Structure formats: structure tokens, C-alpha cells
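For reference, the chains in residue letters:
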Amino acid sequence: MTKRSTKKPMIKRATGEKYPTAVVETDGPGQQGAPDAPTADGHQDAGNTDAAASPARDAYRDTLTHVDEKGDVRMVDVSDKAVTQRLAVAEGSILMHPETQAMVLEDRAKKGDVLACARVAGIMASKRTSDLIPMCHPLMITKSKVDIEPIPAQGDGARADGRVGFRVTSTLGVTGVTGIEMEALTATSVACLTIYDMCKAVDRGMEIVDVRLLHKEGGRSGVWERAEQADAPAVAPATDTAPATDAAPTVDAAPYSAETADPVEPEPASPLPGGPGAKAAAPAIAFIGYQNSGKTTLVEKIIKRLTQRGLRVGSIKHHGHKGFDIDQPGKDSWRHAQAGSRHVGLVAPGQYAEYAYTENEVPVGDLLTHYTDVDIVIVEGYKTAGLPNIVVTRSGVDRLRGDTSYDLIDENTLAIACNDVVERNFRARAAREAEQADAARELPPFISINDAAALVNFILRWLGR
């Protein structure tokens, strides 16, 4: 019979940790200042200078709690531990193709609302952690919250590599005798896996990365916080040469005489280089709606179909986010801007474009005066510009602000592009308002958000074609 060793398992410490950790406070053995406290490497030698130079470790013991003195795994006996309030926060990210992220944000995934399903999955998984991780104790969880935020390509919260996707943060709480870190990590992992499952039909190359604990508190080890350098957002480095601005790119073109609707009154003192053009603007129709309402996808379809009908189409998009970059990072025009050029021009056979920094946002009316070589201008955004508009909405409510798209309908609204559910909700709301005010509100026509052909026919009738 082979004699089993009674030595405690040796813990080999890895060097060069990418994310060093630090103990904020402890109330158990090994507390700072206590006699014979183990060093960061778990030794009792207080004079060990090598240990003092190594990154701090959060352990207050140098043995694995789930392994007994014989080397067998076990569930830790927590019967004599004090009941305390415990909290844990974990995060993780799932990276994907930009078109996949847009599909999720615009509710175009065939399986349904991806983010809502992922949140529920994360919460459900946190309650089943002890069924998945062998040595975890079942807990009566008092708090389980899963937050999911999009990772932008640029600006606040962006990654240094420019990849996009979603960042999941799980916050778990319990009043008990053992920690809740594993529940937070499980919730984060399963939420990411759910996003993968909901989107894998269109993007099997998604990656789940950086699943890690950010914070824990309660119990003998007290409060633990991930080191500050690991918590900093991975944003692309900024340059000192090109100031950040919200200005949108401007496009000029050769003169062309076109039939126009009522001209838009330009604002005085335009910051547009060269000032407003002298020619009359083409008729413009704006597609307005809150963020992630599906405007961009719909506008793409409208432009393509109008072009197929023989119309010359121009377009303007409002860019309301900080961190506007000229062209695409890495392209020559972008490199010129990063080097300090404040007015970048692109010239090619048959076309050209200008990109310029301005002190103030260029009024859309000034931009429209440059669109004299097209039959119609499709404007995406500019809710408050007073342009003839089509309200675009999928859910009727702005997810980020809680505002309702119903309030965007005004005297300039020509139609509402939505689904059947939103149409019923808007008609019911108009009926309630009519009862209260004793006067019926006339709503513009409703057109299916999925019927681009019907919207194009509506636009052509509006143009008198």
C-alpha cells in the first residue's frame, strides 16, 4: 500500500502579476502591525527583503482552505464563523464585431432582447452557484444586480485596442458566514455566455475576456479592492495636437439647380469654414429618435432604395458624442488630424470631402446650403432643428434616459416609423389625452419600421414625385 504524504500542499507563487492586488483592511491573523505576521509571501521571516519587494497578496493564511492536512478536497466548515454583511463586485467583457454590437443595441437579434436576457441569466446563475462550483456553500442571496454597458470604439470606456462589445458588472450581497465572490464571478460569466449564445449565429468569433473580482467586503479579511492601476479604463491614448470636438464632417459639392422645399433659415455667424453657400438647399427630411432606436439601419435602407429609384441623395448625420475623430483611426486623414491639421481635405477623381474642427457645432441649416447637387437630403438626428421629420422608434422609450418617443412628435412630424406594439401604445395615449383635454389629437400616419419600401413611397409622395 502506498503511504500518502501528510505534507501540506505547496503553493507556488507566480511572479510578474498583471493585476497586483492590495489589502485595504483586515481583522484576522496577519493584520498589519501584528507580531510574527506573515509577509506577502506567507513567510514568518520579517527580515526578508525579497518578500517586501513583491506585490501584496490578500491572503491572511498560507494554506488552501479547501484542502485538508491529507491533501483531500473538502467543503470548509463555517459553523463557527460570525455572521456579517458581505458584498462582492465582479466584471467581465465580451468582445465582438461592431455590426454585432449594433444589432444588439438596435434590438435586431432574432432571439430577442439580448441584454435583458443576459441580465436575467446572470441573476439566475448567481443563485445556482453552489450547484456549479463543488465547494461553494448555498447562500441566501440578499442582493443580485447585473449591469451591462456597451464598450465604445473611442472615448470614455473604450479599450486601447479599439475593440467593441459589452462590459458586464455584477454586484452580489448576502448576510451570512461565508463570502459571495464566486456568485459575483458566476453571474458575470453566465451573462457573457448568454450574450454569446444569443449572437453566435452571426458572430462566432466573439471573445469573453477579463472576468475578475473588483471588490469584496465582510468577513475576517475585511475589505479587498483591486489595485487602482488595474481598475483604470483601457482607453486609447489621447494626443496633444488635435483638440476634442463634437463637430460633424462637412461635405461640399459642385453647383446643381434642384427643386426645393421651403428653405431652412441659417443661423448667423456660422463657424463653417467659408460660410454658408450661396445656392438654395435641396429639400431635407430628418429621421429622428433616441439612441439605439434603429435610425442608422433604416436610413441605410432608405438611401439605397431612393438611389435605386433614380434620385440623387445626400445625407447628414448628427454626431452628439465626445471624442469625434476624423475619418477612421489609422487612415491618412486621421493621421493628418492627429498631427495637428485643423482642416483636412480628401480629393479623389469624381469626389472630395472636407473635415474641419470648429469652436461651435455647425447649424444643420448651414450644412444644407452646401447640398445643391442632390434631389433630397436625408438627415439622421437633429431632433430640435425643426426639419420635416419621421420619428423612428422600436420600443417607444429611450433606454438610457427613460424618455418616451411620443414626445418627439410635433407639427413637423410627417410620419412615425415603428412596430405594431408602439403604434397601439401611441394611439392609446393620444386617446387618453383627448379625453382629458376634450379635444382629439391628430397623429401622423404610422408606417412599419421594417417596411423600407413603404417609407420610400411616402417620401416620394412628399416630394411630389
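Since this is a predicted model, take the numbers as computed values, not measurements. (Residues numbered from 1 in each chain as written. Predicted model: local features only at pLDDT ≥ 70, side-chain atom pairs only at ≥ 80, totals over all residues. Heavy atoms only, no water.)

(A) View of unusual backbone geometry. Residue Asp107 is not a glycine yet carries a positive backbone phi of 60°. Mapped onto the fold, Asp107 is located in the loop between helix H2 (98-105) and helix H3 (114-126). Overall, the relative accessible area of 29% leaves Asp107 in the partly exposed class. In this structure, Asp210 takes a positive phi of about 55° despite not being glycine. Among the secondary structure elements, Asp210 is positioned in strand E5 (residues 207-217). (Helix = DSSP H or I, 4+ residues; strand = E, 2+ residues; numbered from the N terminus. Buried < 20%, exposed > 50% of the residue type's maximum accessible area, 1.4 Å probe, protein only.)

(B) Main features of the sheet that holds strand E12 (residues 389-392). The six strands are arranged E8-E11-E7-E12-E13-E14 in an open sheet whose pairing can be described as parallel. Of all strands in the sheet, those bounded by a partner on one side alone are strand E8 (313-317) and strand E14 (446-448). Neighbour to neighbour, the strand axes of the sheet diverge by 25° on average, direction disregarded. With three bridges connecting them, strand E13 (residues 413-418) and E14 associate as parallel partners. (Pairing = 2+ DSSP bridges. Axes fitted to C-alpha atoms, helices over the stretch in contact; angles between N-to-C directions.)

(C) Structural context of the pairing of strand E7 (residues 284-288). For E7, the tally of buried residues reaches five of five residues, placing the bulk of the element in the interior. Here E7 shows no split at all, with Ala284, Ala286 and Ile288 on one side and Ile285 and Phe287 on the other all buried. The pairing of E7 with strand E11 (residues 376-380) spans four bridges and is classified as parallel. By the bridge assignment for E11, Ala286 is matched with Val379. Two elements, E7 and E12, share three bridges in a ladder whose sense is parallel. Each residue of the ladder has a partner; that of Phe287, found in E12, is Ile390.

(D) Spotlight on the environment of Val456. Here Val456 shows up in helix H11 (residues 452-463). Given the relative accessible area of 1%, Val456 is considered buried. Not counting residues up to four positions away in its chain, the partners in contact with Val456 are Ile302, Arg305, Leu306 and Arg309. (Contact = heavy atoms within 4.5 Å.)

(E) Just the pairing of strand E2 (residues 84-96), in detail. Counting buried positions over the 13 residues of E2 gives 10, a clear majority of the element. Direction of pairing for E2 relative to strand E4 (residues 164-176): antiparallel, over a ladder of 13 bridges. The residue of E4 that forms the bridge with Ala88 is Leu172. In terms of strand pairing, E2 meets E5 through eight bridges, oriented antiparallel. Residue pairing for E5: Glu91 is matched across the bridge by Arg212.

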